[in-house]
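The chain contents come next:
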Amino acid sequence: MPGLVVFGRRWAIGSDDFVLPGAFELSLRLLWWIGILVLYAVHKGQFNCPGGGLLHSYLLVLLVLLAAIICALSALVYVSMQGTISNPGPRKSLPKLLYTRLLLYFPEFIWAIVGAVWVSDSSVHCEKTVINAILGTVIASWVIIIFTIIGVLIVFDPLGGKKTFYLTDGVHRNLESSQSGQLLFNVKNTATRVWEKRIRLMCCCIVQDDDHRVAFTSIAELFRNYFSDTDLVPSDIAAGLILLHQEQDKMESCPKEPEEVLCHSPSSLVTDGLDFELENAAHYMLFAAAAYGWPYYVYTNPFTALCKLNGDCCGSRPTDSDITGSDRHNFHFGSILKITGLQYRDFIHISFHNKIYEIPFFVALDHKKEAIVVAVRGTLSFEDILTDLSADCEDLTLEDVLENGFVHKGITQAANYIYQKLINDGILNQAFTIAPEYKLVIVGHSLGGGTASILAIMLRNSFPTLKCYAFSPPGGLLSKTLADYTKHFIVSVILGKDLVARLSMPNMEDLKRRIVRIVANCNRPKYQILLRGCWYEVFGGDPDNFPTELDGRNQDALTQPLLAEESLMVHRSPSYNALDGESHLHSPPQYPHLYLPGKIIHIVEECSSKRLCSSDIKYTASWSNETVFSSILISPKMITDHMPDVVLNALNSLSQEHGSCISCLSGLVSAVISSNVDG
């Protein structure tokens, strides 16, 4: 931070990002140079063979060329190690060294061609060992050149030229001028087009229609707004996440103030209904997991799933179930049957149809709980990702519902699609005709959990007794009024430090603010942060004592302005509010706060070791509230805590523990009654 400026443009790499790759290449070049030197010394007097003169010249020039590259790499690595993330001043000579190193690629490229021609020349009859060594040298040269080209393409920033022009000479420019305003408008338009092209490229394998094009533009504008006010390169973000994780672990080890969390205690077993909801959640999580079909079944049964599916699923498709969408070889339906343990006749409707804003779901009869279950699938395709990323807010207006408010746009459209299918196609009428005494339960995990929650709101008036279980739903889902309204019929289940449950645009802005704060204030070089952080993440230990406060920072010591902070100060991004200590009460928030739906059960893993836990993992559960999930927590398990199999295992563990506790309590009560009777 800021991004490196070479060839008159800004690149997605910092001047302190050459330490680790440079050191790796330097070690390879040293070994290479030593090997060539030994080869030359051993065969010094054996160049009288046909073509030996060219071989002698090739090895000498290669030794000199490698020595020059080693010197350039040594200087590049040394300079890149200087300074800190926010103080690139000691590295101001790095662009010149980088130009020198890049110039050395031209003679290396030419000499690699010469070596290839020499090796392929049939008139050369030197020792086979020498020829093989030269062949290895030629291959190594081409490999390094190819990887260098790939690296340049990776760090190329399509907006680099415009950003450099706009951000140079920042102290003297007038940002209020019409020329600067027009330039900023052009930069924003270009940035939106760049993000849109990236999204189209990512989704090139799916058929794109008008809905996709609208979604691409909306998501591109979202990304442009989020990344437009900082000059962070990817390695800065990685270093910031590492620092935040260690800072977070230090704070967790300190005594905590009482939190606004209703804890699960023995005295509240009956009144708060937590154990009852945990038992229900463990049961219905099976349906939410089954909605993923064969990918989930194969993932959880990697050695036996394919054999079982091939044996059981290749028969004829049942005729009494309403199945839409493609399910080649009946693998999806077969997996659902295996996971839920239901019979063919228990399914009312199954949809594998998948487009943007249209996600698969199934409706089944759960005789154990006497419920009609609507299970919605979570994210499993590019179309689902686009639905997730369509994170604009829209109004949800329903008849006879006073608590209208903002909702996640993409997820709401997915819920509306399922609502139309359930009501207009008569699916629920068919289900209640078969089982009129059953209750309606809607479940889903991740995207499916969010969709199930909004679908429950839509169906609440028609089915007042319905219940919804949302497992790991996205955090930015409902406005406060709607979230409070859903506490009567929705239960959300969150495991640990699940990232998705904390994902919302305000939380992402807060994370960006925290990253900018901590990397701009750290007094260690980036390579030390990354190496120490990797060791900490893998092997644990005590978190490093990096500074986390802005006080005492000397702005005069920075020989180059911080483009990230400078841009944040100019455009007054929400992520900069905490950096300058000012409150902007009159500025409306860029993104409204959206919350998790319903009452929230938070499951936390208990483990004595920070990194390596025993296989016998213990969990505790408690009622929580939305304020606990108002910040993204950095953890190695922030992704795995979201996985459906991990959530299901945690719920099963708690349910089994609850069952054993009930047995113990029953035995204790019986013993007490017996002793009283005997007495």
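The name recorded for the protein chain in an unreviewed UniProt entry is Diacylglycerol lipase-beta, from Anas zonorhyncha. Word for word, the UniProt comment on the protein chain under Subcellular location (unreviewed entry) is "Cell membrane". In its Sequence similarities (unreviewed entry) section, the UniProt entry covering the protein chain states "Belongs to the AB hydrolase superfamily. Lipase family."

Scanning the protein chain for helices and strands turns up 23 helices and 13 strands. Relative to its 679 residues, the protein chain shows a buried fraction of 50%.

For any two helices packed against each other, one specifies the crossing angle of their axes together with the interaxial distance. Interaxial distance between helix 10 (residues 274–290) and helix 13 (residues 331–340) falls to 9 Å at its minimum, and their mutual angle equals 165 degrees. Here helix 13 runs roughly antiparallel to helix 10, going by the angle between their axes. You can see that helix 10 and helix 13 cross each other, and the crossing is right-handed. In this structure, helix 10 uses Leu286, Phe287, Ala289 and Ala290 to contact helix 13, whose residues at the interface are Ile336, Ile339 and Thr340. Looking at the contact of helix 10 with helix 13 residue by residue, the class counts come to 6 nonpolar, 1 polar and no charged.

Between helix 8 (residues 210–227) and helix 19 (residues 505–521), whose axes approach to 11 Å, the crossing angle comes to 30 degrees. As summarised for this structure, helix 8 and helix 19 are arranged roughly parallel, according to the angle between their axes. Here helix 8 and helix 19 pass one another in a crossing that is right-handed. Counted together, Leu222, Asn225 and Tyr226 of helix 8 and Met505, Met508, Glu509 and Lys512 of helix 19 form the full contact between these two elements. Classifying every residue of the contact of helix 8 with helix 19 gives 4 nonpolar, 1 polar and 2 charged.

Moving on to the pairing of strand 2 (residues 9–14). Most of strand 2 is tucked away: 5 of the 6 residues are buried. As paired elements, strand 1 (residues 3–6) and strand 2 share 3 bridges and run antiparallel to each other. Counterpart to Gly3 in the pairing with strand 2 is Gly14. Two successive antiparallel strands, strand 1 and strand 2, enclose a turn made up of 2 residues, where Phe7 displays a positive phi of approximately 55 degrees.

The next thing to look at is the UniProt feature "transmembrane region" (unreviewed entry) in the protein chain. The positions UniProt marks with the feature "transmembrane region" (unreviewed entry) are residues 20–42, 54–78, 98–119 and 131–156. In residues 54–78, helix accounts for 100% and strand for 0%; the two terminal C-alpha atoms are 36 Å from one another. Here residues 98–119 runs as 95% helix and 0% strand, with 31 Å between its end C-alpha atoms.

Grouped together as the largest cluster of nonpolar side chains are 49 residues, with contacts concentrated most on Tyr284, Phe347, Phe362, Val443, Phe471, Ile603 and Leu651. Membership of the second largest hydrophobic core comes to 42 residues, among which are Phe361, Leu365, Phe432 and Tyr485.

In this section: the side chain of Thr451. In this structure, Thr451 sits in helix 17 (residues 447–459). Not counting chain neighbours up to four residues away, the residues in contact with Thr451 comprise Ile359, Val376, Ile411, Ala414, Ala415 and Ile418.

Quick notes on the rules
- The residue numbers shown here count from 1 along each chain, following its written sequence.
- Reporting of local features is limited, given that this is a predicted model, to residues whose pLDDT is at least 70; pairs of side-chain atoms are given and counted only at 80 or more, and all residues count toward the totals for whole chains, interfaces and linings.
- No hydrogens and no water enter the side-chain calculation; it runs on all heavy atoms of the structure.
- UniProt positions are given in the numbering used here, feature names are shortened, and annotations may be inferred rather than shown by experiment.
- In this text, helices come from DSSP runs of H or I with a minimum length of four residues, and strands from runs of E with a minimum of two, each type numbered from the N-terminal end.
- A simple rule labels every residue: compare its accessible area, found with a 1.4 Å probe on the protein chains alone, to the largest value its type can have, and call it buried under 20%, exposed over 50%, or partly exposed in between.
- Each axis is a line fitted through C-alpha atoms, and for a helix only the stretch in contact is used; angles between axes span 0 to 180 degrees, taken between their N-to-C directions.
- Every angle not falling under 35 degrees, over 145, or within 65 to 115 is termed oblique; those three ranges are roughly parallel, roughly antiparallel and roughly perpendicular.
- Working rule for handedness: look at the near helix, and if it is turned counterclockwise from the far one by less than a right angle, call the crossing left-handed; if clockwise, right-handed.
- Contacts between residues were defined by any pair of non-hydrogen atoms, one from each residue, lying within 4.5 Å.
- Basically, the charged four are Asp, Glu, Lys and Arg, the nonpolar ten are Ala, Val, Leu, Ile, Met, Phe, Trp, Tyr, Cys and Pro, and anything else, Gly included, counts as polar.
- Note on pairing: DSSP must find at least two bridges between two strands before they are called paired.
- Here, nonpolar core refers to any group of buried Ala, Val, Leu, Ile, Met, Phe, Trp, Tyr and Cys residues whose side-chain atoms link them within 4.5 Å.

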